[in-house]
Every structure is written in C-alpha cells, then in structure tokens.
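One letter stands for each residue in the lines below.
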Amino acid sequence: MRQWLDAFRQVRATSPTRERALPYDGRVYLLELAFDGSPDRLAVRPAHRERLRVLHEAGRVVMAGPYSDETGALLLFDVTAKEFDAIIDDDPYYRAPGVTIVRRQEWVPLFR
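Here's what I pulled together on the structure shown here. (Residues numbered from 1 in each chain as written. Predicted model: local features only at pLDDT ≥ 70, side-chain atom pairs only at ≥ 80, totals over all residues. Heavy atoms only, no water.)

**Regarding the sheet that holds strand β2 (residues 61–66)**
Backbone hydrogen bonds are what pair the strands of a sheet, in a parallel or an antiparallel way. Strand order in the open sheet formed by four strands is β2-β3-β1-β4, and the pairing between neighbours is antiparallel. Looking at the sheet topology across the chains shown, the edges are occupied by β2 and β4 (99–107). Between one strand axis and the next, the sheet turns through 10° on average, direction left out of account. In this structure, strand β1 (residues 28–35) lies alongside strand β3 (residues 72–77), joined through six bridges in antiparallel fashion. Bridging across to β3, Ala 34 finds its partner in Gly 72. Helix α4 (residues 81–90) rests against β1, β3 and β4 of the sheet, and its axis sits at about 25° to β1. (Pairing = 2+ DSSP bridges. Helix = DSSP H or I, 4+ residues; strand = E, 2+ residues; numbered from the N terminus. Axes fitted to C-alpha atoms, helices over the stretch in contact; angles between N-to-C directions. Contact = heavy atoms within 4.5 Å.)

Below, the structure written as structure tokens:
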C-alpha cells in the first residue's frame, strides 16, 4: 500500500492536470425525495423549479432532477448546512402533498 501511495503522489505532483487530480475537499448536501403519485405536488412544481434554476445559476445547486420513473428526485446543493436548511424551509414544494423527504445528508465527494 505504501508503494502505491508514493507512486500516486509522484504522478500527482508531476501531472500537467495536477489541479484536476486533487481530491475535492468541500461538502455537498444531498436531498432525496419520494413521490407517492399524488398530482397535488404539480401545482407548486413550477415555482419550485424556478427556485432551483436561480440557485443553480448562483452555483448553489450542483444537480437536480427526478428519477426516470417519476418515483422521486435527487438534488445536490453546494451550500453550508445553515443554507441547506433554509432552502428546504423556504420552498413549499418540500411540504407539498405527495412529496416526502427521504434523506437529507451531508456528503464529502472525493472529486468534483
């Protein structure tokens, strides 16, 4: 293991793409939603998507979207814990009938 780590450090130090090879040390927050099939959530979805668009343009939403089978969605936020809580609290979509927050999780990706 030690030999592999030393070799990795050598390659990383001399790589022309050194900056891209370094691990990402920021934190990202993920939000996983489940949908129960109720159409009630669709009434507030346009405003929710507009909020996400604005947050994405500001660099606060990394990725967001529904699962292909429409059973839920996954959203990744590049924000502080306090901002993450405020985003969830300020958007009525997350409390809409038919929407359940399945997971709120801090994630530490290795690469970005």
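There is more to say after this.
**Section: α4**
Every buried residue of α4 is accounted for by Phe 84, Ile 87 and Ile 88. What you see down the axis of α4 is that its buried residues fit within an arc of 95°, all on one side. With respect to the buried face of α4, the exposed residues turned more than 90 degrees away are Lys 82 and Asp 90. Here the buried face of α4 lies against β1, α3 (45–57), β3 and β4. (Buried < 20%, exposed > 50% of the residue type's maximum accessible area, 1.4 Å probe, protein only. Arc of directions from axis to C-beta.)

**A word on the pattern of salt bridges**
Inspection of the entire model under this criterion finds seven salt bridges. Residues Asp 85 and Arg 104 are paired through a salt bridge, measuring 2.5 Å at the closest nitrogen-oxygen approach. Taken together, the positions of Asp 85 in helix α4 and Arg 104 in strand β4 put the pair 19 residues apart, joining distant regions of the chain. Taking relative accessible area as the criterion, Asp 85 reaches 35% and is therefore assigned partly exposed. (Salt bridge = Lys/Arg side-chain N within 4 Å of Asp/Glu carboxyl O.)

**Brief notes about the environment of Ala 34**
Here Ala 34 lies in strand β1. The class for Ala 34 is partly exposed, based on a relative accessible area of 25%. Residues Ala 34 and Thr 71, 37 residues apart in the sequence, show an inter-C-alpha distance of 5.8 Å. Discounting residues that sit within four places of it in the chain, Ala 34 has contacts with Thr 71, Gly 72, Gly 98, Val 99, Thr 100 and Val 102.

Functional significance is not addressed by these values, which are geometric in nature.
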